[in-house]
Amino acid sequence: MENWLDRVVARPLIGIQTLPDVTRSMLVQVLSPVLTQHHGNVDVSLGLAGIVEFKLVNGFTLRLTPTDVIVQFDYKTTWESSAGKLKTPVVPEVRPYTELLTQALSITSAVVGAMLASSGGSQTSVARVGIVAIADLDPDNLVPGVDLLTTHLGAPWRQRRLAAANATLLANLDEDNEHVERCHHGLVFDQAQPENGLKLTLDWQRAYLPTLPEPRKRFQGELDACRDRALAYFQKIGEGELFDDAAD
Amino acid sequence: MTLPISTATWVLPADTGASTDDRGHSASSEWVRLRSASSSGTTPDDLASVESIGSLSGQVSKGLRGSSDRARCENDAQTTSWYRSAPEASNREALSSTLEAERNRLVQRKYDGGGLTPRETNRLRYLEWTLDQLEASDYEPSLERLANLAHTIREFKASISELTTDLRRAAERPSRSRRQK
């Protein structure tokens, strides 16, 4: 399905909040499927508060905090050496957001699946699923929906566009007896620093009330459903559907 | 409505433009590198601080030994343009013609059929933006080649003018054989 995020520089992040806390003994069980799948060099780091981070070779990072499993993609610039010359940067090719998201979901699925299937997994549950898009946009060529959003935020000042913004807007989108869907909308730009462009963060979340029932059976299906719902909402933002009533 | 659970976001300050180191960590956090398959040094003290890290790091290095070259090839394949260019180009073409047909229908209705609804107006704007992006990505390789060519020509011009200067200087300087005469 067509998604505007494939036409800009956008990176995915997946967050899964698990309950109760992830114990360290689970790490070994969690690691195996990820390493088997990616066969790559992995940098393992330990941060404060028991956060463990695995940097995979293909740009993905797996971060385990006591309550969250986070998979994130970042573009990495490498350096090329040639004798007698300065090192030159090699800029990676931009890849479609939906393709990166599919890979991130596959890592997430392997890790959380292993957690739930482990001996302590029957005690583990899923409290929240998040699908995030982090996009760096050109303010002079914004997708129409984001252009409408920034114009709307600047509406009280009539005809004048906002000079700068650093905002997070959390909106509830939908809810039923089992969960609430919501999205954090992050918007950062400053006309005085045009080189930084406009950073848009769309952090779509499904929060369960209080946790996902039968997570072992249902997690994969929920992850797929969350992906579809999040992508549909991101597309709605890009097309400006939120502003349909305000169109000319 | 008050939400029953935390409204926290997973996105780190690093992703919203705060200062970070080269690993993407925020400047305030402290990290200990436990094991890297690509770098050899991990001190015993680093490892001793974590229970079960012995088996963890053992698994990491066992799982990785001898596989790094293959991993690098796979990674390259995913990011090299030739790997995806042919199917992507045809997908792009198919997508362009579908979107263009929809755009044309909306434009025709806008002028002949009594205008568009607000939803259709937004959709039309979106279609035009997407078609522009697709067109730009079609021209990108040619523009890149053109920029490279311009760079080569500039370099060539600079070396020609350097050569001309050297030749002129050499011609103005009396040669040793002429001086001897």
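If you're wondering where the values come from, they're calculated on a predicted model, not measured in any experiment.

1. Considering the overall build of chain B
Move 1: Scanning chain B from terminus to terminus reveals six helices and one strand.
Move 2: Start at the N end of chain B and walk to the C end: the helices and strands fall as β-α-α-α-α-α-α.
Move 3: Relative to its 181 residues, chain B shows a buried fraction of 10%.
Move 4: Nonlocal contacts in chain B, meaning residues at least 24 apart in sequence, comprise 34% of its contacts between residues at least 6 apart.

2. A word on the overall build of chain A
Move 1: Helices and strands together make up the secondary structure of chain A, namely four helices and 11 strands.
Move 2: Counting every position in chain A, which comprises 248 residues, the buried fraction comes to 42%.
Move 3: Restricting the contact set of chain A to residue pairs at least 6 apart, pairs at least 24 apart contribute 66%.

3. So, the pairing of strand β8 (residues 125–137) of chain A
Note on strand geometry: in a regular strand, side chains alternate between the two faces of the sheet.
Residues and elements named next belong to chain A.
Move 1: Burial analysis of β8 places 11 of its 13 residues in the buried class, which makes it a mostly covered element.
Move 2: Here β8 runs beside strand β11 (residues 198–208); their pairing, made up of 10 bridges, is antiparallel. Residue pairing across strands places Ile134 opposite Thr201, the latter belonging to β11.

4. Some points on the nonpolar core
Move 1: With 68 residues, the main nonpolar core has Leu5, Leu62, Ala104, Val132, Ala133 and Leu202 of chain A as its most contacted residues.
Move 2: Counting residues per element, this core draws most heavily on helix α2 (residues 97–117) of chain A, at 10 residues.

5. Concerning the pairing of strand β9 (residues 164–175) of chain A
Move 1: Summarising burial for β9 of chain A: zero of the 12 residues are buried, a small minority.
Move 2: Connecting the antiparallel pair β9 of chain A and strand β10 (residues 179–190) of chain A is a turn made up of three residues.

6. Quick look at helix α4 (residues 215–239) of chain A
Move 1: Between its first and last C-alpha, α4 of chain A extends 34 Å over 25 residues, near the 36 Å set by a 1.5 Å rise per residue.
Move 2: Positive phi shows up at Gly240 of chain A, right after α4 of chain A, with a value of about 80°.

7. Remarks on α2 of chain A
Move 1: Relative to the 30 Å expected for 21 residues at 1.5 Å per residue, α2 of chain A spans 29 Å between its end C-alpha atoms, a close match to the ideal helical length.
Move 2: Considered for burial, the residues of α2 of chain A that qualify are Tyr97, Leu100, Leu101, Gln103, Ala104, Ile107, Thr108, Ala110, Val111, Val112, Met115 and Leu116 of chain A.

8. Topic: the environment of Leu56 of chain A
Move 1: Secondary-structure assignment places Leu56 of chain A in strand β3 (residues 52–56).
Move 2: Residue classification places Leu56 of chain A among the buried residues on the basis of 23 C-beta atoms within 10 Å.

9. Things to note about unusual backbone geometry
Residue and element names in this part refer to chain A.
Move 1: In this structure, the amide linkage connecting Leu209 to the following residue, Pro210, adopts the cis form with an omega of 0°.
Move 2: In this fold, Pro210 is placed in the loop between β11 and α4.
Move 3: Phi angles above zero are rare outside glycine, and Glu214 is one such case at about 45°.
Move 4: Its location among the elements puts Glu214 in the loop between β11 and α4.
Move 5: On the basis of neighbour count, Glu214 is assigned to the exposed category, with 8 C-beta atoms found within 10 Å.

10. Side note on the confidence of the model for chain B
Low pLDDT means the predicted coordinates in that region are not meant to be read closely.
Residue and element names in this part refer to chain B.
Move 1: Model confidence for chain B is summarised by a mean pLDDT of 64, while 49% of its residues fall at 70 or above.
Move 2: In the predicted structure, residues 17–31 sits below a pLDDT of 50 and forms 24 contacts with residues beyond four places in sequence or in another chain.
Move 3: The ipTM, which scores confidence in the relative placement of chains, is 0.82 for this predicted complex, and the corresponding pTM is 0.73.

11. Observations regarding the packing of α2 of chain A against α4 of chain A
A pair of packed helices is captured by two measures, namely the crossing angle of their axes and the spacing between those axes.
Residues and elements named next belong to chain A.
Move 1: Look at α2 against α4: their axes get within 10 Å of each other, and the N-to-C directions meet at 165°. Taken together, the axes of α2 and α4 are roughly antiparallel relative to one another. In this structure, α2 meets α4 at a crossing whose hand is right-handed. Here Leu101, Leu105, Thr108, Ser109, Val112, Gly113, Leu116 and Ala117 of α2 lie close against α4, whose contacting residues are Pro215, Arg216, Phe219, Gln220, Leu223 and Arg227.

12. A word on the environment of Asp6 of chain A
Residues and elements named next belong to chain A.
Move 1: Mapped onto the secondary structure, Asp6 falls in the segment before β1 (9–19).
Move 2: Judged by C-beta crowding, with 19 C-beta atoms within 10 Å, Asp6 ranks as partly exposed.
Move 3: Along the sequence, Asp6 and Arg95 sit 89 residues apart, while their C-alpha atoms lie 7.7 Å from each other.
Move 4: When neighbours within four sequence positions are excluded, Asp6 is seen to be in contact with Pro96, Tyr97 and Thr98.

Conventions and cut-offs
Residues numbered from 1 in each chain as written. Chains lettered and ligands numbered in written order. Predicted model: local features only at pLDDT ≥ 70, side-chain atom pairs only at ≥ 80, totals over all residues. Helix = DSSP H or I, 4+ residues; strand = E, 2+ residues; numbered from the N terminus. Buried ≥ 20, exposed ≤ 12 C-beta atoms within 10 Å, placed from the backbone. Contact = placed C-beta atoms within 7 Å. Pairing = 2+ DSSP bridges. Core = buried A, V, L, I, M, F, W, Y, C linked by C-beta atoms within 7 Å. Expected span 1.5 Å × (residues − 1). pLDDT = per-residue confidence, 0-100. Axes fitted to C-alpha atoms, helices over the stretch in contact; angles between N-to-C directions. Parallel < 35°, antiparallel > 145°, perpendicular 65-115°, else oblique. Left-handed = near helix turned anticlockwise from the far one by under 90°.

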